[in-house]
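Topology and contacts: notes
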Amino acid sequence: EVMITPALKENLKFGTPEMADVTGTLQVTARVETNAKLIAHVGSPVRGRILKLLVFEGQHVTAGTVLATLHSTDLSDTQFALVKAASQQNLAAAAEKRAEQLVHADVIGHAELERRRAELLQASTEAESYHTQLLGLGMTEAQIRRLETTHKLSADYPVVAPKSGTVLKREVTIGQVVQPADPAFTIADLSMVWIVANVPEEDAGHLREGMQVEVRIPALPKQVLEGRLSFVSPIVDPTTRTVEARMDVPNPKGLLKPDELASMTFTGQKERELTVPSAAVVREENKDYVFVEIGPTKYVLREVTLGQEDNDRRVVLSGVRPDERIVTDGAFHLNNQRKQNAIKGGE
């Protein structure tokens, strides 16, 4: 307890806790992630051994850039099969043409012509099958036509970047044998990244797309990113009991790097809350207190539980009622007086 002297009263202001509009906020940890729409995992559609590596992590590549070259016997075997099937197709076509002439001259019957037509259909289907396989192995139409014309086989296969971006990962080395299912490179366009937060399910009920968001990056202490949520997951992760929320952020200079830590603050709707001025709060031993009137010019330091701060006011969760008179400004001075009284009393 402390008595307020006339001299001390000049430095104090009094009032009661007030209802005020408080904008709800929630701060959670977050991280920078690569935009999944702008990432590509590059591999080889054929089995082969890496002969050359032409790019490494951190390099920027454009679409069509050759990332590596590998030697694939599977590729050359399929090329050989196409050349062979194309030759059989040409022979079958010539045989059909001769049969048509012989039928016209009444030398052979129609049954022989139909047999040769069936052989041509089979040869054509087989050639088309190998043609499709080579397209699936990465050869272009122009390369296949050149193969059919020159009959020159090539077991060297280029691994090509499907899009422009930065090489984030290289998972192959020279001499390594890669399978079609093996990832070789990861390429991403980092001009637009995601800030992703996992919000506890008990706090996720207020999340919605378009909600105001503020992001701070410890690696960039002077920079504050403001924007809105672009995605709120419709499900709860059963393992972490959290809901994923994310924000799209332009990154033209590449300052934001995937896997960097961040903090995300959500700003929600305004709600009416009981509040006290921040100047009314006394902080002692990691606890919050306010001075509450218990008699004329007599006040007592009472512990309170406070919530967030908004516009220099603190939300009151418990400890003081709306009808109680408190010191609203200058509580610091009154607390000093209380400590001095305690010292004198101890003497």
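Reading the values: the criteria
Residues numbered from 1 in each chain as written. Predicted model: local features only at pLDDT ≥ 70, side-chain atom pairs only at ≥ 80, totals over all residues. Heavy atoms only, no water. Helix = DSSP H or I, 4+ residues; strand = E, 2+ residues; numbered from the N terminus. Rg over C-alpha atoms; globule rule 2.2 N^0.38 Å. Buried < 20%, exposed > 50% of the residue type's maximum accessible area, 1.4 Å probe, protein only. Contact = heavy atoms within 4.5 Å. Areas by Shrake-Rupley, 256 points an atom, 1.4 Å probe, with all protein chains shown as cover. Lys, Arg positive; Asp, Glu negative; His and termini not counted. Charge placed at Lys NZ, Arg CZ, Asp CG, Glu CD. Phe/Tyr/Trp six-rings, centres within 6.5 Å; stacked < 30°, edge-to-face > 60°. Lys NZ or Arg CZ within 6 Å of the ring centre and 35° of its normal. Axes fitted to C-alpha atoms, helices over the stretch in contact; angles between N-to-C directions. Parallel < 35°, antiparallel > 145°, perpendicular 65-115°, else oblique. Left-handed = near helix turned anticlockwise from the far one by under 90°. Nonpolar A, V, L, I, M, F, W, Y, C, P; charged D, E, K, R; others polar. Patch = residues over 30% accessible without salt bridge, like charges linked within 9 Å, V, L, I, M, F, W, Y side chains within 5 Å. Salt bridge = Lys/Arg side-chain N within 4 Å of Asp/Glu carboxyl O. Core = buried A, V, L, I, M, F, W, Y, C linked by side-chain atoms within 4.5 Å.

Turning to the overall build of the protein, a few remarks are in order. Scanning the protein from N- to C-terminus turns up five helices and 22 strands. On C-alpha atoms alone, the protein measures out to a radius of gyration of 38 Å, which is more than a quarter above the 20 Å that the 2.2 N^0.38 rule sets for 347 residues. For the protein, the spread of C-alpha atoms along the three principal axes comes to 135 × 40 × 30 Å. Across the 347 residues that make up the protein, the buried fraction comes to 38%. For the protein, restricting intrachain contacts to residue pairs at least 6 apart in sequence, the fraction spanning at least 24 positions comes to 72%. Working note: accessible area of the protein is about 20,100 Å², and carbon and sulfur atoms make up 51% of it. Of the side chains in the protein, 40 bear a positive and 47 a negative charge, and the two mean positions are spaced by 4 Å.

Turning our eyes to something else, we now look at the packing of aromatic side chains. Taken as a whole, this structure holds one aromatic pair when the rule is applied. Above the plane of the ring of W194 lies R246, whose end atom (NZ or CZ) is 3.8 Å from the centre. The ring of F231 has R246 sitting right over it, with the charged end atom 4.3 Å from the ring centre.

Glancing now at the packing of helix α2 (residues 73-104) against helix α3 (residues 110-136). Relative to each other, α2 and α3 sit at 160°, their axes nearing to 8 Å. Relative to α3, the element α2 is oriented roughly antiparallel. The interaxial crossing formed by α2 with α3 has left-handed handedness. Classifying every residue of the contact of α2 with α3 gives 16 nonpolar, eight polar and seven charged.

With respect to the secondary-structure elements, L225 resides in strand β14 (residues 220-228). Along the chain, L225 and P250 lie 25 residues apart, while their C-alpha atoms are 10.0 Å from each other. If we ignore the near neighbours within four places in the chain, the residues touching L225 are V213, E214, V215, I217, M247, V249 and L256.

Our next topic: a nonpolar patch on the surface. A grouping of L54, V66 and V160 is seen on the molecular surface, where their side chains present a nonpolar patch of about 200 Å² in accessible area. Among the structural elements, V66 can be located in strand β7 (residues 66-71).

We now examine the nonpolar core. Residues L207, V215, I217, L229, M264 and F266 are the most contacted members of the largest nonpolar core, which totals 27 residues. By size, the runner-up hydrophobic cluster in this structure holds 26 residues, among which are I144, V159, V178 and A184.

To continue, consider the environment of P17. Mapping P17 onto the fold places it in the loop between β2 (13-15) and β3 (18-34). Assessed through its relative accessible area of 6%, P17 is described here as buried. Expressed as a C-alpha distance, the spacing of P17 and L274, which sit 257 residues apart in the sequence, is 6.4 Å. Once residues within four sequence positions are removed from consideration, P17 is found in contact with L274, T275, V276, V320, R321, P322, E324 and I326.

Close approach of charged atoms allows side chains of opposite charge to pair. Under the defined criterion, the tally for this structure stands at 21 salt bridges. Here R117 ties to E100 by a salt bridge, and the two come within 3.4 Å at their closest N and O atoms. One end of the pair, R117, is in helix α3; the other, E100, is in helix α2, with 17 residues separating them in the sequence. Owing to a relative accessible area of 32%, R117 belongs among the partly exposed residues under this scheme. With a relative accessible area of 36%, E100 lands in the partly exposed category. Between R283 and D288 there is a salt bridge whose closest N-O contact spans 2.8 Å. For D288, a relative accessible area of 11% puts it in the buried group. It is possible to trace a salt-bridge network through shared partners that takes in E96, E100, E114 and R117.

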